[in-house]
Amino acid sequence: MPEIRNITIIGAGLMGHGIAQVFAAKGYNVILVDLNDGLLVQAIKNIRSNLALMADNDIGAYKDIDPVISRIRSTTDMSEATTGAHFVVEAVSENLNLKQKVFHELDRLCVLLKLRQEQNSVTESWGPISGIHRT
Ligand SMILES: NC(=O)c1ccc[n+]([C@@H]2O[C@H](COP(=O)([O-])OP(=O)(O)OC[C@H]3O[C@@H](n4cnc5c(N)ncnc54)[C@H](O)[C@@H]3O)[C@@H](O)[C@H]2O)c1
């Protein structure tokens, strides 16, 4: 098992950009994926603005903003985004069909680890995927 360094986040909305920010601030290489470049540009702007607000309030430093941002790449191509990924986070819109589609695509591109959980809604999101699962 390689050391986890490369994180891919599918969906760059409220949750996705926040998760990207936390991983990048901790030194991980992050790739953010969304449907178009406009959404991705906005996500990076949001992260920059969050980090500036934190620095304004002495939580983090202004000098760290550019290094954190430089660890985040963005793309609309899920195949490119998952090549070399050690850990993938799904954060797309709350829509069952969409989530099943995304997991189906991830099943083609990655080895999936299915975490033990009890919520049906989460189980349903996985849909009929065929990859290697550990529960
Ligand atoms: N916002 C919250 O407080 C919160 C809390 C807990 C859990 N969640 C869950 O997290 C998930 C994301 O929520 P959110 O608030 O970030 O939603 P959001 O609408 O802000 O962001 C979702 C993003 O997914 C993108 N997206 C849609 N289809 C995509 C695809 N095929 N490939 C890549 N990106 C795609 C959308 O363009 C959008 O930018 C949802 O399942 C939600 O229920 C949200």
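The present account deals with the structure reproduced in this document. (Residues numbered from 1 in each chain as written. Predicted model: local features only at pLDDT ≥ 70, side-chain atom pairs only at ≥ 80, totals over all residues.)

## Re the sheet that holds strand 3 (residues 72–75)
Phase 1: Read from one edge to the other, the open sheet built from four strands follows the order 3-2-1-4, with strand pairing classed as parallel. Both outer strands of the open sheet, strand 3 and strand 4 (87–90), are each paired with one neighbouring strand and no more. Along the sheet, successive strands turn relative to each other by an average axial angle of 20 degrees, direction set aside.
Phase 2: Pairing between strand 1 (residues 6–10) and strand 4: four bridges, direction parallel. Bridge pairing in strand 4 places Ile7 opposite Phe87.
Phase 3: Across the face of the sheet, helix 1 (residues 14–25) comes into contact with strand 1, strand 2 (29–33), strand 3 and strand 4 while running at roughly 170 degrees to strand 2.
Phase 4: Most of the contacts of helix 2 (residues 37–56) go to strand 3, to which it runs at about 160 degrees, and overall it touches strand 2 and strand 3. (Pairing = 2+ DSSP bridges. Helix = DSSP H or I, 4+ residues; strand = E, 2+ residues; numbered from the N terminus. Axes fitted to C-alpha atoms, helices over the stretch in contact; angles between N-to-C directions. Contact = placed C-beta atoms within 7 Å.)

## Quick notes on the pairing of strand 1
Phase 1: Taking burial as the measure, the five residues of strand 1 include four buried ones, the bulk of the element.
Phase 2: Here five bridges tie strand 1 to strand 2, and the two strands are oriented parallel to one another. Looking at the pairing, Asn6 lines up with Asn29 of strand 2.
Phase 3: Following the backbone out of strand 1, through helix 1 and into the adjacent parallel strand 2, one traces a crossover that is right-handed. (Buried ≥ 20, exposed ≤ 12 C-beta atoms within 10 Å, placed from the backbone. Right-handed = clockwise from strand over helix to strand, strands pointing away.)

## Focus: the site of the ligand
Phase 1: Among the 17 residues in the neighbourhood of the ligand, the closest are listed as Gly11, Gly13, Leu14, Met15 and Glu94.
Phase 2: At the level of secondary structure, the elements contributing two or more residues to the shell around the ligand comprise helix 1 and helix 5 (96–109).
Phase 3: For the shell around the ligand, the element with the highest residue contribution is helix 1, accounting for three residues.
Phase 4: Here the shell around the ligand is built from residues that sort into 11 nonpolar, four polar and two charged. (Near = placed C-beta within 6 Å. Nonpolar A, V, L, I, M, F, W, Y, C, P; charged D, E, K, R; others polar.)

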